[in-house]
Amino acid sequence: MENFQEQLQNRRTFAIISHPDAGKTTLTEQLLLHGGVIREAGTVKGRGSHKLASSDWMAIEQQRGISVTSSVLQFDYDGKRINILDTPGHEDFSEDTYRTLMAVDSVVMVVDAAKGIEPQTKKLFEIVAQRGIPVFTFFNKIDRDARPALDLVDELESILGIQAYPMNWPVGSGQILQGIYDLQNDQMVPFKNATAHPEVVTETMDEIELLRDAGNAFDQEAISRGKLTPVFFGSALVNFGVTEFLREYLTYAPAPSAMGTVDGQQVTPDKPQFTGFVFKIQANMDPRHRDRIAFVRIVSGEFSRGMDLTLQRNGKKLKLSNVTQFMAEERENVQTAVPGDIIGVYDTGNFQIGDTIYAGKQAVQFPDLPTFTPELFNRVIAKDVMKQKSYHKGIEQLVQEGTIQLYKSWQGSDYIIGAVGQLQFEVFQFRMENEYNVEIQFESIGSKVARWIAPEQLDEKMASSRNLLVKDRYDQPVFLFENKFAMNWFHDKYPEVKLEKKM
């Protein structure tokens with residue numbers, strides 16, 4: 001690839017996080033519109049036009065108007081190639097979001113300007129803060145009645161513990177919205193069809209003077225460490241303030257950065273050796289072809305179609321010839337790609353979430369991606385015994401995506417599904433029926449405390465009605481405790497036994 005360094009510096013890879021219904025998917029649509037890859041932005045609410053959000057490809061997402069998977073979308077704008085990872089907002093799918101955040105260089109946090117910082121935003125931000133990822137904040141929906149901007153910024157700083165630097169400032173909101181004031185270029189960006197309210201402009205200019213006198217100083221280095229967040233105001237629904245946000249984001253957001261390996265090395269993007277890792281697996285993105293795609297974040301080197309690679313986990317040699325990238329609903333075959341890019345590899349079952357792939361003889365292994373400990377459990381049964389083949393295939397593929405976790409009874413063949421939240425069961429049931437044509441029913445086991453035990457420490461007699469013994473998909477023993485009291489009782493009875501939990 002010509003101008004490798006230039007290509008590298010032009011990449012921007014980010015995730016969008018928010019509380020449900022803050023406008024995350026709508027903002028994604030507007031960014032795609034700016035990139036020229038869609039002609040009309042579909043909104044998540046108000047389905048009357050039958051225009052669906054381009055980043056919500058799954059049938060259940062289109063029906064419910066929520067995102068339950070991470071969409072990966074790419075477009076070019078102003079000389080930059082942008083990779084957007086639109087994450088699930090619903091807390092039941094925070095594990096998918098967490099893994100996605102391992103694959104980005106910065107984060108855009110969308111906040112409803114009428115509601116401020118909501119619980120799921122806070123939870124997701126804590127994950128981002130742990131990694132020190134740069135955060136850009138977009139206060140959305142200022143075309144509706146919003147809370148005072150000073151209150152919103154103060155809440156942002158006090159609840160999330162990050163300093164804020166406003167890049168623009170709202171001049172009113174809702175019925176009296178006049179526009180936004182661009183603090184970088186010292187000029188007003190008027191809101192179309194605004195009714196004049198001179199007193200609102202005067203009041204806003206007083207606030208801006210206060211910001212300039214007492215606000216935080218701009219600090220690029222603090223932004224890069226995730227200690228200072230540039231703040232923007234606008235409305236994704238009516239495409240106001242989005243252009244200004246995108247322009248400033250591309251100016252200050254980081255290009256791809258180095259990633260650490262399990263042995264403490266740093267793999268820099270400009271390293272000639274190709275490396276990457278699988279952070280997501282998705283089955284049936286195209287229901288007509290029953291495909292399965294492994295999403296790979298490129299960490300270093302240049303990818304070229306048909307190159308020979310090694311799968312680190314088992315040493316298997318691979319030739320990646322059928323590789324794609326996503327432009328809204330469209331897919332494009334990939335010939336070459338560079339660090340920061342997300343490529344989709346058509347997979348026949350080779351990959352697992354967290355896998356490292358590399359070219360050449362020098363082995364590389366990136367850290368495993370996190371797995372959450374499920375809290376809710378259901379036995380799952382196929383209603384039609386004649387559809388066992390489709391039943392087993394559906395469960396196997398959906399489990400490999402990491403959306404739900406699979407367990408089996410220790411002595412029998414019962415399937416037990418574990419999840420972090422109830423919605424995961426609903427999505428699993430919906431997809432089994434719609435993608436694999438298998439109706440299933442659940443038998444609730446309820447809420448349990450799951451803990452792993454080393455096989456050499458296991459005695460099957462430890463199991464009881466209060467701690468069910470099962471095995472996970474890798475045949476490792478797991479106890480499902482009735483509650484924490486039952487787990488503490490087990491600790492007291494078997495003090496030498498070490499129990500392990502995931503995240």
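Residues numbered from 1 in each chain as written. Predicted model: local features only at pLDDT ≥ 70, side-chain atom pairs only at ≥ 80, totals over all residues. Heavy atoms only, no water.

**Student:** Mind laying out the environment of Phe479, listing which residues take part and the relevant values?
**Tutor:** By the element assignment, Phe479 lies in strand β29 (residues 477-481). Judged by its relative accessible area of 0%, Phe479 is buried. Taking the C-alpha atoms as reference points, Phe479 and Leu469, 10 residues apart in sequence, are found 4.7 Å from one another. If we skip the residues at most four places from it in the chain, Phe479 touches Val449, Ala450, Arg451, Ile453, Leu458, Met462, Ala463, Asn467, Leu468, Leu469, Phe490 and Leu499. (Helix = DSSP H or I, 4+ residues; strand = E, 2+ residues; numbered from the N terminus. Buried < 20%, exposed > 50% of the residue type's maximum accessible area, 1.4 Å probe, protein only. Contact = heavy atoms within 4.5 Å.)

**Student:** Please set out the nonpolar core residue by residue, giving values where relevant.
**Tutor:** Phe233 and Phe279 are the most contacted members of the largest nonpolar core, which totals 56 residues. When residues of this core are assigned to their parent elements, the largest contribution, five residues, is made by helix α6 (residues 149-160). Excluding its chain neighbours within four sequence positions, the residues that come into contact with Phe279 are Val72, Leu85, Arg99, Thr100, Ala103, Phe295, Val296, Arg297, Ile342, Ile353 and Leu369. (Core = buried A, V, L, I, M, F, W, Y, C linked by side-chain atoms within 4.5 Å.)

**Student:** Run through the packing of helix α2 (residues 24-34) against helix α9 (residues 242-252), naming residues and quoting values.
**Tutor:** At a closest axis distance of 11 Å, the pairing of α2 and α9 adopts a crossing angle of 75 degrees. By the angle between their directions, the pair α2 and α9 is classed as roughly perpendicular. Contacts between α2 and α9 involve Leu27, Gln30, Leu31 and His34 from the first element and Val242, Thr243, Phe245 and Leu246 from the second. (Axes fitted to C-alpha atoms, helices over the stretch in contact; angles between N-to-C directions. Parallel < 35°, antiparallel > 145°, perpendicular 65-115°, else oblique.)

**Student:** Hey, could you go over the environment of Asp78 for me, with residue numbers and the actual values?
**Tutor:** When you line up the elements, Asp78 lands in the loop between β2 (71-77) and β3 (80-86). For Asp78, a relative accessible area of 62% corresponds to the exposed category. Between the C-alpha atom of Asp78 and that of Gly35, which follows or precedes it by 43 residues, the distance is 8.7 Å.

**Student:** Residues and numbers for the sheet that holds strand β8 (residues 179-182), please.
**Tutor:** Spatial ordering of the open sheet is given by β7-β8-β9, a layout of three strands whose pairing is antiparallel. Edge positions in the sheet fall to β7 (168-171) and β9 (187-190), since each of these pairs with one other strand and no more. Looking at each pair of strands side by side, their axes are set apart by 25 degrees on average, direction ignored. Where β7 and β8 come together, four bridges link them in antiparallel fashion. (Pairing = 2+ DSSP bridges.)

**Student:** Give me unusual backbone geometry: which residues, what numbers.
**Tutor:** The backbone of Asp21 sits at a positive phi, close to 75 degrees, despite the residue not being glycine. In this fold, Asp21 is placed in the loop between β1 (11-18) and α2. The residue Asn437 is not glycine, and still its phi comes out positive at about 55 degrees.

**Student:** Please provide a residue-by-residue account of the pairing of β1, values included.
**Tutor:** On any regular strand, side chains alternate: one points to one face of the sheet, the next to the other face. The buried count for β1 comes to eight of eight residues, which makes it a mostly enclosed element. Residue alternation in β1 divides its side chains into two sets, Arg11, Thr13, Ala15 and Ile17 and Arg12, Phe14, Ile16 and Ser18, and both sets are buried. The pairing of β1 with strand β4 (residues 106-112) spans five bridges and is classified as parallel. Residue pairing for β4: Phe14 is matched across the bridge by Ser106.

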